[in-house]
Amino acid sequence: MSGVPTFAVVGHPNKGKSSIVSTLAHDDSVRIAPEPGTTRVCRSYPMKVDGRVQYVLVDTPGFQRARRALAWMRERETSADLHRAVALAFVATHRGTGAFEDECELLTPVLEGAGILYVVDGSVPYGPEYEAEMEILRWTGQPSLALINPIGEADHVAAWRAALEQYFKIVRVFDALTAPFEKRLELLRAFGALREDWRAPLEGAVSALLQERLRARDRVADALARMLVDMLTLSVSRRLPEGADPRPHQAPLEREYEEKLRARERAGRREVESIYGHRALERREREVSLLDQDLFSIEHWYFWGLRRRQLVATGAAGGAFVGGALDAAVGGASLLIGSLLGAAAGGAAALWSSQRLSKARVFDLPLAGRELRCGPTRNPNFPWVVLGRALHHHARLAGRTHADRGELTLDQADAAPGWVERIGRERRGSLERCFARLQGGDADPELRAELAALLLPVVQQADAAPGLAV
Amino acid sequence: MSGPGFARLVDLALQLEADAERPAAELRRRDRGIGLELAQAGVPAREQVAAWLACVRPAAATSAGARAATALRAAAGLLAVFGVVLGTGTATALFQYDGTHPVNVVRVLGVFVGLQFLLLAGTALLCLPERWRSRLPGLDAVKDVLALASPGRLIGLLRRILPGSQREAMARFAGVAGRHRRLYGDVEKWIWLSASQVFGVSFHASALAVALALIAFTDLAFGWSTTLQADPRALQRMTRALSLPWSALWPDAVPSAALIESTQYFRGATGAGHDPVHSAPWWRFVAACMVCYGVMPRAALLALARWRLAAAVRRAFRQQPALFALRDRLESRCVETTAEQAEPPPAARAAPTRPALAAAPAGTRWALVSWSGVPASAAEALRRAGWLATAQLRAGEGALETDAAAIAALARTPRDEGVAVLVKAWEPPVLELMDFLRELREVLGEGRVVAVVPLALDAAGQASAPGEASLRTWRRALEQSGDPWLVLHAPELPR
């Protein structure tokens, strides 16, 4: 183990060892199954910062013949100082023989110096059959900590705690499925408390994970900005021969436009999922119910985006901003008429154009016939709908552990409504102006960076919701 | 036409696009390693990306960017040759004098001044930034027409005669530029405009050279003739206006009223206009026009286009959407938490045993064994549910001798009795239990029913029927045992 803090996650089969490893290692490739014996060999999860290993988690198979193993050891027991030697002899004697295969596999990292993280299920009653396992672990002489992982709904934590405290100095309750980020960091700090020389590397690891989480928000803001720029500037076109009737081409082109928008949104989702290390979710994306009611369920638009009244207000604010610039240009001689007219025009335009996404239109091209073009959409609510959905997806993802293998459900019923409503009025106005420039065909690539900067606090707010107090 | 900046931009664009296909973890490791090296070498932040590119694409001399830049230079060279050929031909045609008709100054001005004004005005419109152009109604149509007439378009055609490697590099960049029009639109525009100006400069310079050669080495007679406006005073006003830029510096190059009046000619007529000596002063004006309205504006536009191209290349380099992620990978610590090796495939499951019994026969009497601390109340619950229990033993807890004693006791029970092993439904079937069941079978012999009875506990701690998921787990484990007389028995208890 070469001095690197190593922690072997051990316990009875099917008590959530792999779930704990999956959550702590942010790795959704860990196999988690209801059948016992899914983990047959140890698997290491080194936590590295710039290539330097800070600590290693080892997922192990569960005890299968703990009483028999303990009986073998007791037969050879002489005194407590030789317990560790007997445990080593047990592994040396039985490794490769087929007997005690799981016990040899799980004891090997422990006897090589790993700290013990003993996992039990706090939702089932305590049973004396666990005592053989705990006794064997005590014989190894390694620093240890017990984790009560309540897998089900029933609460037997108190009984477990009473039993575990007789064997372990530190006993923690840790729900691998729902543990928020700061709870995971707390647990890592507790690992550091097992041995004095493990404290510093674990503290370093916690600090690196915290920084990484903060950087993830920057990455998400950038990803959302790129997605919004692409979606708000997307257009599809088809050249038509001179004199051709555009009507048969109109509906297919509109469908193509919508499909491209959907594809871009899906790609954005995948990117945000990969920022949080949810790679397996990607493979199951077709099953994700978010896509059942997708971007074009217009009846849901006011849920995800701005409500009609807010749209008018935001449009009016944008119009007033432009009108105000005119007023300022004439030194106030216009008696704020520019602002008033701008606000009225902006509000009316927002109301009028909020009903439809984009319609295919025909353009005459000099010397080149005609072109049927769909997009970019001028609908003022569209960017808010896209943003609202993306923020909700991000919030759900940020609060999700890697042990959670259920469907990522993003339907309206469980959505916290009004993600975009929570954005402060001033920032909403700035975003609105950014969206308007993009929808107006402004090709300035600097807009993306501007949008990302505006979105960052919004993303931070969405990530704070599941309980990240940083 | 294109310097190292363009080559670097192409390399960056292609590298970022290739990176988009690679695993994120691999990129993070690679780029963080480079980032640390660059930080150690003290590379300033503004040069970081270029230095990174040099690291990931060490063979810069043969890179796709270098080949694309060479291809552009070669295409520009071919355009220059095309311009020289066309300029020479045009000048030879316009300055042709065989002694019958003089060189028509109006025609020369039409080609080298009038047409140039129109093209320069169009080019100036194209040079406007996109956001201004989009606000001028009808400008898109003008742009499309000019684009059709632009010699820069020939780059696409000339590309086809370039060597394969250069052609491929250009095609790859064109593909990237096509997919990211917002980013590379300006670069493409200024490449076109630069190429057009290369053509323009070579066209005008070669035309001027041919004109001067013909003036120097042949006897040309100049005159003017037009059906539109035959009044010499109008031509004089025009020539005076055109001469304004050089009239103070070179007064001899401003045609006098007398010269204009005396050199007007009409087709089929003969007169002074045919006299090379008399009409010679026209050449200065013609040459000055060709320099001032042909060569100089094109040279200036070429300089402007190259300057703007360099700026557009720098901007596109700076504004790559993937640069944020790249800088992030270079500057942020690379934190890895996942397993290095892939999860091994699940262990192969043995073929399930074909059970000899679907369930224990009705009316069976049972010897009960409470495995691993199943509470005694569980056996009571079974009795209340109508089970005929003859004995109650314990196993799976405490010393191993308990198990041996239970097996010995069970061996003594009548052969028509079944053995029911009560287990905790919420616990998984561990190998220790399977060992016990195997040893029990060895003692009991074939044909005797052994039932495993998983029991759950209700909120009051009383035995209850287990859930389907638990039963499924237990059933699967028993199917793997190879014992056809081993059955799973789910008691009818309240849930």
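Keep in mind it's a predicted model, so treat the numbers as computed, not measured.

Trainee: Is there a simple way to explain the overall build of chain B in this structure?
Mentor: Secondary structure summary: chain B contains 19 helices and 9 strands in total. Every one of the 495 residues in chain B was classed for burial, and the buried ones make up 37%. Considering only contacts within chain B whose residues lie at least 6 apart along the sequence, 80% involve residues at least 24 apart.

Trainee: What am I meant to see in the packing of helix α10 (residues 181-217) of chain B against helix α14 (residues 282-318) of chain B here?
Mentor: Packed helices, taken two at a time, are described by the angle between their axes plus the distance between the axes. Residue and element names in this part refer to chain B. Relative orientation of the contacting elements α10 and α14 amounts to 160°, with a least axis distance of 8 Å. Classified by the angle between their axes, α10 and α14 sit roughly antiparallel to one another. In this structure, the crossing between α10 and α14 has a hand that is left-handed. Of the residues in the contact of α10 with α14, the class split is 28 nonpolar, 5 polar and 5 charged.

Trainee: Explanation requested: the domain arrangement of chain B in the structure shown.
Mentor: Often, the extent of an interface is quoted as the loss of accessible area on bringing the components together. Its domain assignment divides chain B into domain 1 (4-331) and domain 2 (365-488). Between the C-alpha centres of domain 1 of chain B and domain 2 of chain B there is a distance of 92 Å.

Trainee: Even after reading the chapter, I still don't get the interface of chain A and chain B, so can you show me in this structure?
Mentor: Tallying the contact residues gives 53 residues for chain A and 47 residues for chain B. Elements with a contribution of two residues or more to the side of chain A that touches chain B: β2 (43-49), α2 (66-75), α8 (196-233) and α16 (446-464) of chain A. Sheet topology note: the β2(A)/strand β3 (residues 335-336) of chain B ladder contains 2 bridges and is antiparallel. Bridging across to β3(B), Lys48(A) finds its partner in Glu336(B).

Trainee: Mind showing me how you'd approach the domain arrangement of chain A here?
Mentor: All names here are of chain A. Domain assignment breaks chain A into domain 1 (6-177) and domain 2 (215-464). The interface of domain 1 with domain 2 comprises 10 residues on the first partner and 10 residues on the second. Among the residues making up the side of domain 1 that touches domain 2, the classes are represented as 3 nonpolar, 5 polar and 2 charged.

Trainee: Help me out: how do you make sense of the environment of Arg172(B) in this one?
Mentor: Mapped onto the secondary structure, Arg172(B) falls in helix α9 (residues 164-179). Beyond its immediate sequence surroundings of up to four residues, Arg172(B) is in contact with Leu14(B) and Ala64(B).

Trainee: Please explain helix α18 (residues 431-444) of chain B as it appears in this structure.
Mentor: An α-helix turns once per 3.6 residues; consequently, residues spaced three or four apart project the same way. Taking 1.5 Å as the rise per residue, α18(B) with 14 residues should run 20 Å; its terminal C-alpha atoms sit 20 Å apart, in good agreement. Those residues of α18(B) that fall on the buried side of the exposure criterion are Leu431(B), Glu432(B), Leu433(B), Phe436(B) and Leu440(B). Buried residues in α18(B) make contact with α2 of chain A together with β4 (365-371), β5 (388-395), α17 (400-411), β6 (418-424) and β7 (450-457) of chain B.

Trainee: In this structure, what is going on with the nonpolar core? I would like to understand it.
Mentor: What tends to happen in soluble globular proteins is that the nonpolar side chains get buried as a cluster. Val10(B), Ala68(B), Ala75(B), Ala195(B) and Val286(B) are the most contacted members of the largest nonpolar core, which totals 81 residues. The residues touching Ala68(B), leaving out its near neighbours within four places in the chain, are Ala7(B), Val10(B), Ala169(B), Met170(B) and Phe173(B). Counting residues in hydrophobic clusters, the runner-up holds 63 residues, among them Val49(A), Ile116(A), Tyr130(A) and Phe168(A).

Trainee: Please clarify how unusual backbone geometry should be interpreted in this entry.
Mentor: Excluding glycine, residues mostly have negative phi values, and the peptide bonds linking residues are mostly trans. All names here are of chain A. Although it is not a glycine, Asn14 sits at a positive phi angle of roughly 60°. Looking at where Asn14 falls in the secondary structure, it is placed in the loop between β1 (6-11) and α1 (17-24). The exposure class of Asn14 is buried, given the 24 C-beta atoms found within 10 Å. One non-glycine residue, Phe100, adopts positive backbone phi at about 50°. Relative to the helices and strands, Phe100 resides in the loop between α3 (83-94) and α4 (101-111). Given 23 C-beta atoms within 10 Å, Phe100 falls into the buried group.

Thresholds, definitions, all that
Residue positions within a chain follow its written sequence, with the count starting from 1. Just so you know, chain letters begin at A and ligand numbers begin at 1, following the order they were written in. Restriction of local features to residues with pLDDT of at least 70 applies here, the model being predicted, together with a cutoff of 80 or more for giving and counting side-chain atom pairs; totals for whole chains, interfaces and linings are based on all residues. Numbered from the N terminus, helices here are DSSP runs of H or I no shorter than four residues, and strands are runs of E no shorter than two. Every C-beta atom is placed from the backbone, and the number of other C-beta atoms within 10 Å of a residue's own sets its class: buried at 20 or more, exposed at 12 or fewer, partly exposed in between. By definition, residue pairs are in contact when their C-beta atoms, positioned from the backbone, come within 7 Å. Comment: axis = line fitted to C-alpha atoms, over the contacting stretch for helices; angle = value between 0 and 180 degrees taken between N-to-C directions. Oblique is the label for any angle not covered by the other classes, which are roughly parallel (under 35 degrees), roughly antiparallel (over 145) and roughly perpendicular (65 to 115). Handedness of a crossing follows from how the near helix is turned relative to the far one, being left-handed for an anticlockwise turn of less than a right angle and right-handed for a clockwise one. Residues are grouped as follows: nonpolar covers Ala, Val, Leu, Ile, Met, Phe, Trp, Tyr, Cys and Pro; charged covers Asp, Glu, Lys and Arg; every other residue, Gly included, is treated as polar. What marks off one domain from the next here is an automatic or database domain assignment. When DSSP finds two or more bridges between a pair of strands, those strands are recorded as paired. Each helix should span, by expectation, one fewer than its residue count multiplied by 1.5 Å. A set of buried residues qualifies as a nonpolar core if it consists of Ala, Val, Leu, Ile, Met, Phe, Trp, Tyr and Cys joined through C-beta atoms within 7 Å.

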